[in-house]
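Working through the structure, step by step
What follows is the residue order along each chain.
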Amino acid sequence: MNILLLGSGGREHAIAWKIGQSPLCDALYIAPGNAGTLEEGGNEALKLNDFNSIKSFVIENNIHFVIVGPEDPLALGIVDFFKNDLLLKNIPILGPDQYGAQLESSKDFAKQFMLRHNIPTAQYQTFTQSEKTQAEDYVRKHTLPIVMKADGLAAGKGVVICNSAEEALQFLNEVWEDQKFGVSGNKVVIEQFLSGIELSVFALTDGKNYVILPNAKDYKRIGEGDQGLNTGGMGTVSPVPFADAKFMQSVEETIIKPTIQGLQDENINYKGFVFFGLINVDGSPYVIEYNVRMGDPETEVVFPRIKDDILPILFEAANGNLKTTSLAVHPEYAVCVIAVSGGYPEAYEKGKKIQGLEKVKDSIIFHAGTEENENGIYTTGGRVLAIVSMGDTIKAAQEKSYDALHKISFEKMNYRKDIGNDLLNY
Ligand code: AMP
Ligand code: GLY
């Protein structure tokens, strides 16, 4: 099978690493990829929003299967583009269509879907700019803290948890007067604050059937002790020790099953991953958000824990014929620590030479923001490397990842020193 995988992050390197091990994989292309994915297949300098170039590549290279890593091409309708094209319509592509991708690209769409299917989530109300006065009244009457969300995609920056009505009113002004999020702010979702610990749960679906993947905990803030700005994710642990069998049973019954049933009942063309961003409120799971793709850096701990050959299972899902109902999983813990460029998630420098990668033997290094030239491997992004290790305990896996990080360097490299610490006592 010839495969095209779209994306360039640590998530895509982890997917490429896993499917590259499959005996069914003949040729693997990653577009645009990074210095790490070069080890797994061929990188192709395609732009993810240029569907016509992707089409030419797919046809010229006899691609049999397309896997979409990030959300943007899905939200832009790449699956619809394939389905509506005479030459592409029979080529399986993994991901929901544009309508289904609204589960991630519109928070209001996701909330309405949850409401229709009785899926536990925070209480909310949605307002448009013409309803600003009502939104302000709603804010003033609401208990604190109050959660304010721009409806559309905002690269993780569209959500603010406000401890005062003034802050929340200011958010409304930023969205509707200053147009801080452009069209992503056309609607604002205002919701109840839920207090608890978050985790990421994943299912692969063909729109009717599903299989659950290993779960993970993501460390989103830049600083130790969950302080400072939000990032794309500074590290992950899988499995999540507080997500025991009883909790996961409740996740499956109250969240996963009604979500997949809802997709089916509403005839939504959804063949791909569903990422359930959950919060455990006193033992009961609630949905904070849906994403229509795998998580990054969750994939970097989830995929190495999967024992089965994932490629035929992904292919079944993309073909609308998912037969697999459970996955064989390595029992070990996986801990991922992300090395980032100094300054990230604010301004940072690129083009720093990365040293010491070859000294790491006991961990897997997935690349994110890297590129290779004749002089070596250089940084090109905020998140640069994902260092992943396995161990019988979180502590053992964590130590391996930090040992590996001590061997690697680039100018102004930064990473969190406490990934997994909060989970050591479960
Ligand atoms: P979202 O983009 O909707 O996932 O929100 C980003 C982050 O904001 C989440 O990962 C949570 O940490 C936090 N958050 C969002 N909604 C709520 C809520 N209703 N209660 C508490 N925290 C929330
Ligand atoms: N790590 C969170 C995400 O991928 O959205």
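The residue count restarts for each chain, going from 1 along the sequence in the order it is written. Key to labels: chains lettered from A, ligands numbered from 1, both in the order written. Thresholds applied to this predicted model are a pLDDT of at least 70 for local features of residues and 80 or more for the giving and counting of side-chain atom pairs; totals over whole chains, interfaces and linings are not thresholded and use all residues. Side-chain metrics rest on all non-hydrogen atoms present in the structure, leaving aside hydrogens and water.

1. Let's talk about the site of ligand 2
Condition: Whether a residue is near a molecule or strand is decided by its heavy atoms; if any one of them lies within 4 Å of it, the residue is near. Each polar contact in these results corresponds to two N or O atoms within 3.5 Å; when the atoms are within protein, one needs to be able to donate a hydrogen and the other to accept it, and residues that are neighboring in sequence are counted only if both atoms are side-chain atoms. The method behind every accessible area is Shrake-Rupley, applied with a 1.4 Å probe, and residues are considered shielded solely by the protein chains displayed. Polarity classes work like this: nonpolar for Ala, Val, Leu, Ile, Met, Phe, Trp, Tyr, Cys and Pro, charged for Asp, Glu, Lys and Arg, and polar for all others, with Gly in that last group.
In the neighbourhood of ligand 2, the contacting residues comprise D218, G232, F275, N291, R293, G295, D296, P297 and E298. With respect to ligand 2, the backbone of G232 contributes an N or O atom lying 3.3 Å from a nitrogen atom. The contact in question runs from an oxygen atom of ligand 2 to an N or O atom on the backbone of D296, over 2.9 Å. Within the complex, 88% of the 200 Å² of free accessible area of ligand 2 lies under protein. For the shell around ligand 2, a count of residues per class yields two nonpolar, three polar and four charged.

2. Observations regarding the sheet that holds strand β9 (residues 187-192)
Which entries qualify depends on this criterion: Pairing between strands is defined by DSSP: at least two bridges between them are needed. Elements are defined by DSSP. Helices are runs of H or I of four residues or more, strands are runs of E of two residues or more, and each kind is numbered from the N terminus. To get an axis, a line is fitted to the C-alpha atoms, and for a helix only the part in contact is used. The angle between two axes follows their N-to-C directions and goes from 0 to 180 degrees. By the convention used here, residues are in contact when the closest approach between their heavy atoms is within 4.5 Å.
Reading across from one edge, β6-β9-β7-β8 is the order of the four strands in this open sheet, with antiparallel pairing throughout. Every other strand in the sheet has two partners, leaving β6 (124-128) and β8 (159-162) as the edge strands with one partner each. In this sheet, neighbouring strand axes are inclined to one another by 20 degrees on average, regardless of whether the strands run parallel or antiparallel. Across five bridges, the pairing between strand β7 (residues 146-150) and β9 is antiparallel. Counted as the bridge partner of M148 is I190 from β9. Sheet strands touched by helix α8 (residues 165-176): β6, β7, β8 and β9. Its angle to β7, the strand with the most contacts, is close to 5 degrees.

3. What about empty space enclosed by the protein?
In plain terms, the rule: Grid points spaced at 1 Å and placed over the protein atoms alone form the basis of the search, with a cavity being a set where a 1.4 Å probe fits but cannot get out and a pocket an open set showing protein on both sides within 12 Å along at least five of seven lines. Lining residues have an atom within 4 Å of a point. Grid points are joined across faces, edges and corners, and a volume is the space filled by probe spheres set on the points.
The full count for this structure, using the stated rule, is five cavities of 30 Å³ or more. The computed volume of the largest cavity comes to approximately 80 Å³. Around the largest cavity, the lining is made up of 13 residues, and of these K107, A110, I288, E289 and Y290 lie nearest the centre. Elements with a contribution of two residues or more to the lining of the largest cavity: α5 (102-105), α6 (107-116), β9 and β17 (284-291). Taken together, the residues of the lining of the largest cavity sort by class into six nonpolar, one polar and six charged.

4. Overview of helix α9 (residues 245-265)
Note the following rule: The span one expects for a helix is its residue count, reduced by one, times 1.5 Å. To get the bend at a given residue, fit one axis to the seven residues ending there, fit another to the seven starting there, and take the angle between those axes. Each residue's exposure class comes from its accessible area (1.4 Å probe, protein chains only) as a fraction of the maximum for that residue type: buried when under 20%, exposed when over 50%, partly exposed otherwise.
When the terminal C-alpha atoms of α9 are compared, their 28 Å separation across 21 residues agrees well with the 30 Å that a helix rising 1.5 Å per residue should span. E252 marks where α9 bends most, by close to 40 degrees. Among all positions in α9, only F247, M248, V251, I255, I256, P258, T259, I260, G262 and L263 are buried. In the core, the buried residues of α9 are packed alongside α5, α6, β10 (197-205), β11 (210-212), β16 (270-281) and β17. Positive backbone phi, approximately 55 degrees, marks N267, located one or two places after α9.

Take it as geometry only, folks, not as evidence of what the structure does.
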